[in-house]
Amino acid sequence: MKIYRYLLDVVKKKGAGYLVLVDPDTRRGDDLAIFVDRLNGSGVDAVLVGGSLLVDSSFQECVRIVKEHSDIPVIIFPGSVKQVSGDADAILFISLISGRNPYYLFGEHVIAAPMIKRLGLEVISTGYMLVESGRMTTAEYISNTKPLPSDKPEIAMAHALAAQYMGMKMVYLEAGSGADRSVPEEMIKSVKSYIDIPVIVGGGIRTPEDARKKVMAGADFVVTGNILNDNDNIDLIREFAEAVHFKKRG
């Protein structure tokens, strides 16, 4: 529970947490090491590592490099059962509750659970919900599931409450990598007001202003990924962190 409690403490102290997602298909080797070094001291609260599609076997090496260079917790954000590593501090044990594909609701979990226990990874059970974003995302395609309609927050509310009642520790509202539209603030506000567990929001968040809007709508954690893959945007890391940490700023 060490990392989970750390995350809760971040929200208590700073108002919300800022997480950066590292995709092993995007950054490798020295480029990855340099990127993680930039995250240190820039206000990022934790690093997520994972992706919906891995085109090679770089995951283990990616986690190792991130952990070696990171001064903040490293949390696996798995796209499949193959994305498990003992070098990380914790893993989001994700159930794709927005879809009805049993393999991603519970199937892969049975395979992964013994490996996770053997490695001694801290588990943070998370209800994962894909939200319609204007285009088909990799996660939607790979999982063969439909996203929740973005204009029907009541559906997301019911799914999130079910996750809480099933004992999950967090819910994750995901527009998807490279989404045309991020998760609507109305949906975030509705879900947050309906449940008692932290809400993570990611996908399609391109500016610090966007991130701040998600926090003000109720997001406990904001995740950025693709926007930082362009090295011209690296300087935005601190701005994102400042936008998310509204209590610390105030």
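Residues numbered from 1 in each chain as written. Predicted model: local features only at pLDDT ≥ 70, side-chain atom pairs only at ≥ 80, totals over all residues. Heavy atoms only, no water.

Caption draft 1: Examining the nonpolar core more closely. Counting 63 residues, the largest nonpolar core has Tyr18, Val171, Leu173 and Val191 as the members making the most contacts within it. Apart from the residues within four sequence positions on either side, Leu173 is in contact with Met129, Val131, Val183, Ile188, Val191, Val199, Ile200, Val201 and Gly202. With 23 residues, the next largest nonpolar core counts Ile3, Tyr4, Phe77 and Leu96 among its residues. (Core = buried A, V, L, I, M, F, W, Y, C linked by side-chain atoms within 4.5 Å. Buried < 20%, exposed > 50% of the residue type's maximum accessible area, 1.4 Å probe, protein only. Contact = heavy atoms within 4.5 Å.)

Caption draft 2: The side chain of Ser182, seen in detail. Along the polypeptide, Ser182 turns up in the loop between β6 (170-174) and α7 (185-194). For Ser182, the side chain forms a polar contact with the side chain of Lys214, separated by 2.8 Å. Leave out the neighbours within four places in its chain, and Ser182 touches Ala175, Gly203, Gly204, Ile205 and Lys214. (Helix = DSSP H or I, 4+ residues; strand = E, 2+ residues; numbered from the N terminus. Polar contact = N/O pair within 3.5 Å; in protein donor to acceptor, adjacent residues only side chain to side chain.)

Caption draft 3: Main features of the sheet that holds strand β8 (residues 221-224). An order of β1-β2-β3-β4-β5-β6-β7-β8 is seen for the eight strands of this closed barrel, with the pairing classed as parallel. Each strand of the sheet is rotated relative to its neighbour by a mean of 30 degrees, with strand direction disregarded. Two elements, strand β3 (residues 74-76) and strand β4 (residues 90-96), share two bridges in a ladder whose sense is parallel. Looking at the pairing, Ile75 lines up with Ala90 of β4. The sheet contacts of helix α4 (residues 102-119) involve β4 and β5 (122-130), and relative to β4 the element is tilted by about 155 degrees. (Pairing = 2+ DSSP bridges. Axes fitted to C-alpha atoms, helices over the stretch in contact; angles between N-to-C directions.)

Caption draft 4: Seen up close, the packing of aromatic side chains. The final tally for this structure, using the stated rule, is five aromatic pairs. Aromatic side chains Tyr128 and Tyr172 sit 5.3 Å apart centroid to centroid with 80 degrees between the ring planes, which places their arrangement in the edge-to-face category. Of this pair, Tyr128 sits in strand β5 while Tyr172 sits in strand β6, placing them 44 residues apart in sequence. In terms of burial, Tyr128 and Tyr172 fall into one category: buried. Members of the aromatic cluster, joined through ring pairs, are Phe77, Tyr128 and Tyr172. Looking at Arg27, its charged tip hangs above the ring of Phe35, at a distance of 4.2 Å from the centre. Here the guanidinium or amino end of Lys169 rests over the ring plane of Tyr4, the centre of that ring lying 5.3 Å away. (Phe/Tyr/Trp six-rings, centres within 6.5 Å; stacked < 30°, edge-to-face > 60°. Lys NZ or Arg CZ within 6 Å of the ring centre and 35° of its normal.)

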